[in-house]
There are 2 protein chains.
Amino acid sequence: MSNIREIAEKAGISIATVSRYLNDTGYVSDEAKAKIQEIIDEVGYTPNALARAIFTKNSKTIALMIPEITNPFFSQMATVVEEYSSKMGYTLFLCNTEDNKEKEAEYIEVLKSYRVAGIIASRTQCREKYQNIQIPVVSFENHISPSVITVSSDNYNGGKIAFDHLYENGCRRILHIKGPRIFEATEMRCKGFSDAAKEKGLPIDVVELETDFKVKMIEKNLNTIKRLENYDGIFVFNDIAAATVMKRLIENGIDIPEQVQIIGFDDSFIGELLHPSLTTIRQPIEELGSLAVELLIRQIEGEEVPIEDRLIETKLIQRETTLKKR
Amino acid sequence: MSNIREIAEKAGISIATVSRYLNDTGYVSDEAKAKIQEIIDEVGYTPNALARAIFTKNSKTIALMIPEITNPFFSQMATVVEEYSSKMGYTLFLCNTEDNKEKEAEYIEVLKSYRVAGIIASRTQCREKYQNIQIPVVSFENHISPSVITVSSDNYNGGKIAFDHLYENGCRRILHIKGPRIFEATEMRCKGFSDAAKEKGLPIDVVELETDFKVKMIEKNLNTIKRLENYDGIFVFNDIAAATVMKRLIENGIDIPEQVQIIGFDDSFIGELLHPSLTTIRQPIEELGSLAVELLIRQIEGEEVPIEDRLIETKLIQRETTLKKR
């Protein structure tokens, strides 16, 4: 790959002329154009996407920030976002931030310098870095600012649905294992669940985990809960953590759902692989991913899109870890 | 974001001078430099990484092609590659190719135009596109050409270890459920397993699946296998497919490992979540990911790295789906 100077030397044309041609900033004779292009083709300089990226408004490239690519919910979301972006003529780069503020900030800088056309931030840990970014952004889950659209599942109502299901199934000693408080989504799930319990006048226990996904850490956190089997219903804030809770109960000889009923959250592919298969609250991944892409691309293409929260409905997927309703 | 013309106009300096400054192609007075930089800071043009990417040899950005981001093995691999790249001072873009030749080819074009410093191809479906790419490439699993290093687990030996374990555990009616033939890794697992069976003079059955990961498709494929429970030992080519086989057996009332013993492959986090937990052949993900990054960056930084296959040892991780050795 060559730089402008090399191209100019090889073409026997001034650097200024090559720069005018590449940057489209002034007159270049047809003869010079042809010569420059010939050299470019020869030396392997590929100016098209570059020129598009630097000197036009739309590089046709977008980025998805993912907090944890090993979490099946987010990897399924990434797949949907990739498929939908591709259909719309955009190339998608995935950036695995690991909920790490510094990593996310660095990705933002690199993406800006590469002139990506837009970014879908997921569960951002550095909202301030998106403030004066000057490219379209859509946020998933965590809110960034009043000028950025947030797309998320209706986590609050999902929490309510989970409680109502356990309650209707006869559970009266109920535990909620909630996710880390830095995530708006898990906070809302907890709030919906707790509010529904209050409506029924039933006290519940709530335990907060320090991690949302690392299985080893979840297991360690579970050790702090004295007697899981004293509960008859447990709502766990995501499917992976629910699977870890199930495993612990089964190892202790507890029957699910006869002794303890369990509900997860997400409806990632994990739930169906478990035995018994996991009752869960479905986040409509397909809808969430495609809506985020659609809202981003409409902004990239210059449309005035209303800045408002977009909540997508969640629903109960009943499988085998809860009893059939009476 | 602005182009060169706008910066020149705002700075009251000629386009040629701005271009000389940005491209470092000739003399610019300190006064002009300061003025241009001031405008650049003001209008949000971020030339650093761009200049680095276009006009120097090393953009400090690398890309990892992933065949399926929802497969826990590959998402765990992506996490390792990201962490290790970051430690080495490189930013990583993930590209989800979905084993789709056209998608992968398009990513290659975009990455070239963005001047990424190098690419780690995983299980490529379009090796010819990497032939004259002019940037360093390391291949994971599928071979690209004699001039590209291939990193992979020792899948052949992993297959042998799997057979020997089942055989020593007393299995004599053995089935291997193998992955699609387009993947070198699953071919090698099958060959190792079959060769080990031949050495013992034991005939085995082999069934090939059409997919390596989509659970619904695996389930459909399993329907074509008449009586899974007639076997006393099954080696499945990856953990997700093994989980699907387990679920089918458990639903049919078969005891694992008493009636049928099962071994998976990968040692992704899934295996520990299952009940019973899955015996599997571990691919050393940490080692594979960090070695691929190391070999890529050494090439990017100009070192002559020997072009040879790098096979990393696999090993048996015994859990509960096989019997303890007699």
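For clarity, every value in this text was computed on a predicted model and none was experimentally measured. (Residues numbered from 1 in each chain as written. Chains lettered and ligands numbered in written order. Predicted model: local features only at pLDDT ≥ 70, side-chain atom pairs only at ≥ 80, totals over all residues.)

*Asks:* For the overall build of chain A, give the residues involved together with the corresponding values.
*Replies:* Assigned secondary structure in chain A consists of 12 helices and 12 strands. Its C-alpha radius of gyration of 25 Å places chain A more than 25% over the 20 Å reference for a compact globule of 326 residues. Oriented by its inertia axes, the alpha-carbon framework of chain A measures out at about 85 × 40 × 30 Å. Every one of the 326 residues in chain A was classed for burial, and the buried ones make up 52%. Excluding contacts between residues fewer than 6 apart, the proportion of contacts in chain A whose partners are at least 24 apart in sequence is 68%. (Helix = DSSP H or I, 4+ residues; strand = E, 2+ residues; numbered from the N terminus. Rg over C-alpha atoms; globule rule 2.2 N^0.38 Å. Buried ≥ 20, exposed ≤ 12 C-beta atoms within 10 Å, placed from the backbone. Contact = placed C-beta atoms within 7 Å.)

*Asks:* How would you sum up the domain arrangement of chain A? Please name residues and give values.
*Replies:* In terms of domain boundaries, chain A breaks down into domain 1 (4–55) and domain 2 (155–284). Taking only C-alpha atoms into account, the centre of domain 1 of chain A sits 61 Å from that of domain 2 of chain A. (Domains from an automatic or database assignment.)

*Asks:* I'd love a proper account of helix H12 (residues 285–300) of chain A, names of residues and values included.
*Replies:* All names here are of chain A. Its 16 residues give H12 an end-to-end C-alpha distance of 23 Å, which sits within 8% of 22 Å, the value for a rise of 1.5 Å per residue. Of the residues making up H12, those classed as buried are Ile285, Leu288, Gly289, Ala292, Val293, Leu295, Leu296, Ile297, Gln299 and Ile300. Residues of H12 that are buried sit in contact with strand E1 (61–66), helix H5 (72–87), strand E3 (118–122), strand E4 (137–140), strand E5 (149–153) and strand E11 (310–312). Positive phi shows up at Gly302, right after H12, with a value of about 95°. (Expected span 1.5 Å × (residues − 1).)

*Asks:* Go over the sheet that holds strand E10 (residues 279–282) of chain B with me, naming the residues and quoting the values.
*Replies:* Residues and elements named next belong to chain B. Taken together, six strands build an open sheet; the order of strands is E7-E6-E8-E9-E10-E12 and the sheet is mixed. Bordering the open sheet on either side are strand E7 (205–208) and strand E12 (315–317), each of which pairs with just one other strand. Neighbour-to-neighbour, the strand axes of this sheet turn through a mean angle of 20°, independent of strand direction. As judged from the three bridges shared by E10 and E12, these two strands associate in the antiparallel manner. Among the inter-strand pairings, Thr280 is bridged to a residue of E12, identified as Ile317. (Pairing = 2+ DSSP bridges. Axes fitted to C-alpha atoms, helices over the stretch in contact; angles between N-to-C directions.)

*Asks:* Before we move on, could you go through the sheet that holds strand E10 (residues 279–282) of chain A and cite the residues and values that matter?
*Replies:* Residue and element names in this part refer to chain A. Spatially, the six strands line up as an open sheet ordered E7-E6-E8-E9-E10-E12, and their pairing is mixed. Only two strands of the sheet have a single neighbouring strand rather than two, namely strand E7 (205–208) and strand E12 (315–317). Between one strand and the next, the sheet's axes are offset by a mean angle of 20°, whatever the strand orientation. Across the sheet, helix H7 (residues 155–168) is in contact with strand E6 (174–178), strand E8 (233–236), strand E9 (261–266), E10 and E12; its angle to E9 comes to roughly 165°.

*Asks:* Describe the nonpolar core, with residues and values.
*Replies:* Counting 84 residues, the largest nonpolar core has A:Ile120 and B:Ile120 as its most contacted members. Contact partners of B:Ile120, with chain neighbours within four places excluded, come to B:Ile62, B:Leu64, B:Met65, B:Val81, B:Val138, B:Phe140, B:Ala292 and B:Leu296. Ranked by size, the runner-up nonpolar core spans 78 residues in total, among them A:Leu175, A:Ile240, B:Ala196 and B:Ile263. (Core = buried A, V, L, I, M, F, W, Y, C linked by C-beta atoms within 7 Å.)

*Asks:* Residues and numbers for unusual backbone geometry, please.
*Replies:* Residues A:His275 and A:Pro276 are joined by a peptide bond in cis, for which omega reads 0°. For the bond running from B:Ile256 to B:Pro257, omega is 5°, close enough to zero to count as cis. Positive phi values are uncommon outside glycine, yet A:Asp266 reaches one of about 130°. Here A:Asp266 is to be found in strand E9. The class for A:Asp266 is buried, based on 29 C-beta atoms found within 10 Å. The phi dihedral of A:Asp267 falls on the positive side, at around 60°, and the residue is not glycine. Relative to the helices and strands, A:Asp267 resides in the loop between E9 and helix H11 (270–273).

*Asks:* Please set out the pairing of strand E1 (residues 61–66) of chain B residue by residue, giving values where relevant.
*Replies:* Residues and elements named next belong to chain B. Most of E1 sits out of view: six of its six residues are buried. Here E1 shows no split at all, with Thr61, Ala63 and Met65 on one side and Ile62, Leu64 and Ile66 on the other all buried. Here E1 runs beside strand E2 (residues 91–96); their pairing, made up of six bridges, is parallel. Each residue of the ladder has a partner; that of Thr61, found in E2, is Thr91.

*Asks:* Describe H5(A), with residues and values.
*Replies:* Residues and elements named next belong to chain A. Across its 16 residues, H5 extends 23 Å between first and last C-alpha, which sits within 8% of the 22 Å expected from 1.5 Å per residue. Restricting attention to buried positions, one finds in H5 the residues Pro72, Phe73, Phe74, Ser75, Gln76, Met77, Ala78, Val81, Glu82 and Ser85. Within two residues after H5, Gly89 carries a phi angle of roughly 85°, on the positive side.

*Asks:* Provide a residue-level description of the pairing of E10(B), including the pertinent values.
*Replies:* Inspection of the sheet shows strand E9 (residues 261–266) of chain B paired to E10(B) by four bridges, in the parallel sense. Paired with B:Asp266 across the bridge in E10(B) is B:Arg282.

*Asks:* Residue-level account of the packing of helix H9 (residues 215–222) of chain A against helix H10 (residues 239–251) of chain A, with values.
*Replies:* Residues and elements named next belong to chain A. Two elements in contact, H9 and H10, have axes whose closest approach is 10 Å; the angle formed by their N-to-C orientations is 55°. Between H9 and H10, the crossing angle belongs to the class labelled oblique. Handedness of the H9/H10 crossing: right-handed. For the pair formed by H9 and H10, the contact residues are Val215, Ile218, Glu219 and Leu222 on the first element and Ile240, Ala241, Thr244, Val245 and Arg248 on the second. (Parallel < 35°, antiparallel > 145°, perpendicular 65-115°, else oblique. Left-handed = near helix turned anticlockwise from the far one by under 90°.)

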